[in-house]
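Listed below, chain by chain, are the residues.
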Amino acid sequence: MMNKGGRPRLSASQKKKYKVDVKMSTEDYYTLKSKARLAGMTNSEYMRQCIHTSSVKERLNPEHQALIRQLCGMANNLNQIARKANAVGYDNARTEYLDLAEQIDQLLNQL
C-alpha cells in the first residue's frame, strides 16, 4: 500500500473520542472565551489545559467535620480558661488548661 501523505494516524490513547457538555452562565462562558483567546488556544484546548494543571481540594468527610466542630468547642473552652486565669490567677486554671491542651493534641493527631 502506498503512503498517500498527510498526518500520521493517532494512537488510540491520543484520539479525542469523548465529548463533555458543560452548562455555563453567560459570564462564565465569556470569561472562558476571553482567557482562551488571550492564551492563544481554542476553548476546548484551554479547558483541557486547565484540567491537567489545576487541582481541586476534596471536601471534608463527615468525620473530619465533626473533629473540626470539636476543636471549635475546645477553642471556646480555652478562651474561658484564659479569662479565668487572668481573673483569679494562672495557678487555678493550670490543670484545666493542661487537660484541654492534651485533648486538642489528640484531636489534631486524628486529623
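Residues numbered from 1 in each chain as written. Predicted model: local features only at pLDDT ≥ 70, side-chain atom pairs only at ≥ 80, totals over all residues. Heavy atoms only, no water.

Engineer: Describe the packing of aromatic side chains, naming the residues involved and giving the relevant values.
Structural biologist: Taken as a whole and assessed by the stated rule, the structure comprises one aromatic pair. When the centroid spacing of 5.3 Å and the interplanar angle of 75° are considered together, the rings of Tyr29 and Tyr30 count as edge-to-face. Tyr30 gets classed as exposed once you look at its relative accessible area, which sits at 52%. (Phe/Tyr/Trp six-rings, centres within 6.5 Å; stacked < 30°, edge-to-face > 60°. Buried < 20%, exposed > 50% of the residue type's maximum accessible area, 1.4 Å probe, protein only.)

Engineer: Could you give me a rundown of the nonpolar core, with the residues and numbers involved?
Structural biologist: Most often, soluble globular proteins have nonpolar side chains that are buried together. If you look at the biggest cluster of nonpolar residues, it comprises nine residues: Leu67, Leu71, Met74, Ile81, Ala85, Ala93, Leu100, Ile104 and Leu107. Elements supplying a minimum of two residues to this core: α3 (62-88) and α4 (90-110). Ranked by residue count, the leading element in this core is α3, at five residues. Contacts of Ala85, omitting those with residues within four sequence positions, involve Tyr90 and Ala93. (Core = buried A, V, L, I, M, F, W, Y, C linked by side-chain atoms within 4.5 Å. Helix = DSSP H or I, 4+ residues; strand = E, 2+ residues; numbered from the N terminus. Contact = heavy atoms within 4.5 Å.)

Engineer: Describe the pattern of salt bridges, and please don't skip the residues or the numbers.
Structural biologist: Counted according to the given criterion, the structure contains one salt bridge. Salt-bridge contacts for Arg48 lead to Glu45; the nearest nitrogen and oxygen are separated by 3.1 Å. With Arg48 and Glu45 both in helix α2 (residues 43-53) and three residues apart, this pair spans about one turn of that helix. Judged by relative accessible area, Arg48 falls into the partly exposed class, the value being 31%. (Salt bridge = Lys/Arg side-chain N within 4 Å of Asp/Glu carboxyl O.)

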